[in-house]
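# Examination of the molecular architecture
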Amino acid sequence: MVLGAVVIAGALGALMVVAQRSREGAITHRQGMRLVLWAGGVVPTVVLLTLLISTLPAMRPIAVKPDDLRITVTGEQFWWRVRYQPAGQPAVGDANELRVPVGRDVELLLEAGDVLHSFWVPGLAGKLDMVPGRTNRLVVHATRAGRFRGQCAEFCGLSHALMAFDVVAMEPAAFDAWLAARRTPAPVGGDVGGEGARLFAANGCGGCHRVAGLSDATIGPDLTHLGSRPSLGAGMQKRTHANLVRFIREAPTAKPGARMPAYPQMTNEDAATIARWLEQSK
Ligand SMILES: [Cu+2]
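Residues numbered from 1 in each chain as written. Predicted model: local features only at pLDDT ≥ 70, side-chain atom pairs only at ≥ 80, totals over all residues. Heavy atoms only, no water.

### Thoughts on the sheet that holds strand E5 (residues 106-112)
In plain terms, the rule: Paired strands are those between which DSSP finds at least two bridges. Working definition: helices are DSSP H or I runs of at least four residues, strands are E runs of at least two. Numbering for both runs from the N terminus. Throughout, an axis means a line fitted to C-alpha atoms (over the contacting stretch in the case of helices), and angles, computed between N-to-C directions, take values from 0 to 180 degrees.
The mixed open sheet is built from 5 strands, whose spatial order is E3-E2-E1-E5-E8. Edge strands, defined here as strands with exactly one partner in the open sheet, are strand E3 (92-95) and strand E8 (136-140). Strand-to-strand twist in this sheet, taken as the mean axis angle between neighbours without regard to direction, amounts to 25°. As defined by bridge partners, E5 adjoins E8 across 5 bridges and the pair is classed as antiparallel. Its bridge partner being in E8, Val 106 is matched across the sheet by Val 140.

Following this line, the structure appears as structure tokens:
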């Protein structure tokens, strides 16, 4: 960009010098008109047309093969619903984090559950709107392992700016093993009968959240693997114990507009017990 600016500034400067130095009447009116026609019309048209035609093939959407992995990502106020659909195998649900295998095409089916959102992972792919009632396709192909930050890029309400997520690109073998493990989730913390699970149920958390083996609700993010996510509240903050306790007790204060009720009567100890239990849910 800087180089482009320098080239344009240089060319304009040179033209200015030439224009100032040349005598009046150095070229006839006819010659002048011809110069404008060629330099201002014909040459740019040919150059731009050539560029357009030569880059058109690269703009075609990448074709996916039937056995490529499909992942449905749904934008919700203000979090991300994720559903892995490997060909010929049962689907796997998750939230607020996306994992993809390095070196393979992955087709993302982008949807919206409520209002307009926009899926944007600058390190991985372009930006694409998520529109209620329709499915937009985006094919991504990670070329190296690592974590890529994503962000909702369409204003969707109060906490729009707090609607982020991570894409984790994994080596293909590690990804396959991870997805297979996800298909058989162990009960959270190894127990669904403990005090954390009891408080979770008693406070009605299971009316909105799925925790494998305990509840199956889909209104809020799936919490089965919360303990494996480094961030909390859709990339809003680090998932420290203190942040988690606060989020459980006062989600709408921690995240304005969040569609999760506050629990002002809940004691800090109870919130901490639920938090410790969820933290074990890898
Ligand atoms: Cu959004």
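### What to know about the pairing of strand E10 (residues 164-170)
Within a regular strand, side chains alternate between the sheet's two faces. Here is the rule: The classification of residues rests on relative accessible area computed with a 1.4 Å probe and restricted to protein chains. Under 20% of the type maximum is buried, over 50% is exposed, and intermediate values are partly exposed.
Within E10, 7 of the 7 residues are buried, which leaves it mostly tucked inside the rest of the structure. By the alternation rule, side chains of E10 split into Ala 164, Asp 166, Val 168 and Met 170 and Phe 165, Val 167 and Ala 169, which are all buried. Sheet analysis places strand E4 (residues 97-101) next to E10, joined by 5 bridges and oriented parallel. The residue of E10 that forms the bridge with Pro 101 is Met 170.

### What about the pairing of strand E7 (residues 127-130)?
Direction of pairing for strand E6 (residues 117-120) relative to E7: antiparallel, over a ladder of 4 bridges. Each bridged residue has a counterpart across the sheet, and for Trp 120 the counterpart in E7 is Lys 127. Where E6 hands over to E7, the hairpin turn is made up of 6 residues, counted between the paired strands.

### Quick word on the domain arrangement of the chain
Operational definition: For the domain bounds, the source is a domain assignment made automatically or taken from a database. Between two residues, a contact is recorded if the distance between any of their heavy atoms is within 4.5 Å. Two parts lose some accessible area (1.4 Å probe) when they are put together, and adding that loss for both gives the buried area. Whenever Lys or Arg places a side-chain nitrogen within 4 Å of a carboxyl oxygen from Asp or Glu, that contact is recorded as a salt bridge. Throughout this description, a polar contact denotes any pair of N or O atoms lying within 3.5 Å of each other; where both atoms belong to protein, one of them has to be capable of donating a hydrogen while the other can accept it, and for residues adjacent in sequence the pair is counted only when both atoms sit in side chains. Amino acid classes used here: Ala, Val, Leu, Ile, Met, Phe, Trp, Tyr, Cys and Pro are nonpolar; Asp, Glu, Lys and Arg are charged; the rest, including Gly, are polar.
You can read the domains of the chain as domain 1 (69-183) and domain 2 (195-280). Using only C-alpha atoms to locate each centre, domain 1 and domain 2 end up separated by 22 Å. Each side of the interface is counted separately: domain 1 has 21 residues, and domain 2 has 18 residues. Contact between domain 1 and domain 2 buries roughly 1600 Å² in total, counting both sides, with carbon and sulfur atoms accounting for 49%. On inspection of domain 1 and its partner domain 2, the count reaches 1 salt bridge. Between Arg 229 and Asp 94 there is a salt bridge, and its shortest N-O distance comes to 3.2 Å. Between the two partners, domain 1 and domain 2, sit 11 residue pairs in polar contact (both at pLDDT 80 or more). Counting only elements with at least two residues in the side of domain 1 that touches domain 2, the list comes to strand E2 (79-85), E3, E4, strand E9 (146-152) and E10. Tallied by class, the residues present in the side of domain 1 that touches domain 2 amount to 9 nonpolar, 4 polar and 8 charged.

### So, the side chain of Glu 97
With respect to the helices and strands, the residue Glu 97 is situated in strand E4. Within the structure, Glu 97 has its side chain in polar contact with the side chain of Arg 99 (distance 3.2 Å). If near-sequence neighbours (up to four positions away) are discounted, Glu 97 is found in contact with Val 82, Tyr 84, Arg 147, Asp 166, Val 168, Ser 228, Arg 229 and Pro 230.

### Brief notes about the environment of Trp 80
Inspection of the secondary structure puts Trp 80 in strand E2. Sequence separation of Trp 80 and Leu 179 is 99 residues, and the distance between their C-alpha atoms is 18 Å. From its side chain, Trp 80 meets the backbone oxygen of Ala 164 in a polar contact 3.0 Å long.

### Quick look at the nonpolar core
Quick reminder of the rule: Side-chain atoms within 4.5 Å are what join buried Ala, Val, Leu, Ile, Met, Phe, Trp, Tyr and Cys residues into a set we call a nonpolar core.
If you look at the biggest cluster of nonpolar residues, it comprises 38 residues, and the most contacted ones within it are Ile 71, Trp 80, Tyr 84, Leu 98, Leu 108 and Phe 119. Counting residues per element, this core draws most heavily on E10, at 5 residues. Beyond its immediate chain neighbours, meaning those up to four positions away, Leu 98 contacts Ile 71, Val 73, Val 82, Tyr 84, Leu 108, Phe 119, Asp 166, Val 167 and Val 168. Membership of the second largest hydrophobic core comes to 24 residues, among which are Phe 200, Ala 251, Ala 254 and Ala 275.

### What about the pattern of salt bridges?
Under the defined criterion, the tally for this structure stands at 14 salt bridges. A salt bridge links Arg 70 to Glu 107; the shortest N-O distance between them is 2.6 Å. Note that Arg 70 is positioned in strand E1 (residues 69-76) and Glu 107 in strand E5, a separation of 37 residues in sequence. According to the relative accessible area criterion, Arg 70 is partly exposed, its value standing at 24%. When the shortest N-O distance is used, the salt bridge between Glu 76 and Arg 81 registers 3.0 Å. Residue classification places Glu 76 among the buried residues on the basis of a relative accessible area of 12%. You can call Arg 81 partly exposed: its relative accessible area is 25%.

### Description of the packing of helix H4 (residues 195-202) against helix H6 (residues 268-279)
Here is the rule we go by: Take the far helix as the reference: if the near one is turned anticlockwise from it by less than a right angle, the crossing is left-handed, and if turned clockwise, right-handed.
Running from N to C, H4 and H6 point in directions that differ by 115°, and their axes come no closer than 8 Å. Handedness of the H4/H6 crossing: left-handed. On H6, the residues touching Glu 195, Gly 196, Ala 197, Leu 199 and Phe 200 of H4 are Asp 270, Thr 273, Ile 274 and Trp 277. In the contact of H4 with H6, the residues fall into 5 nonpolar, 2 polar and 2 charged.

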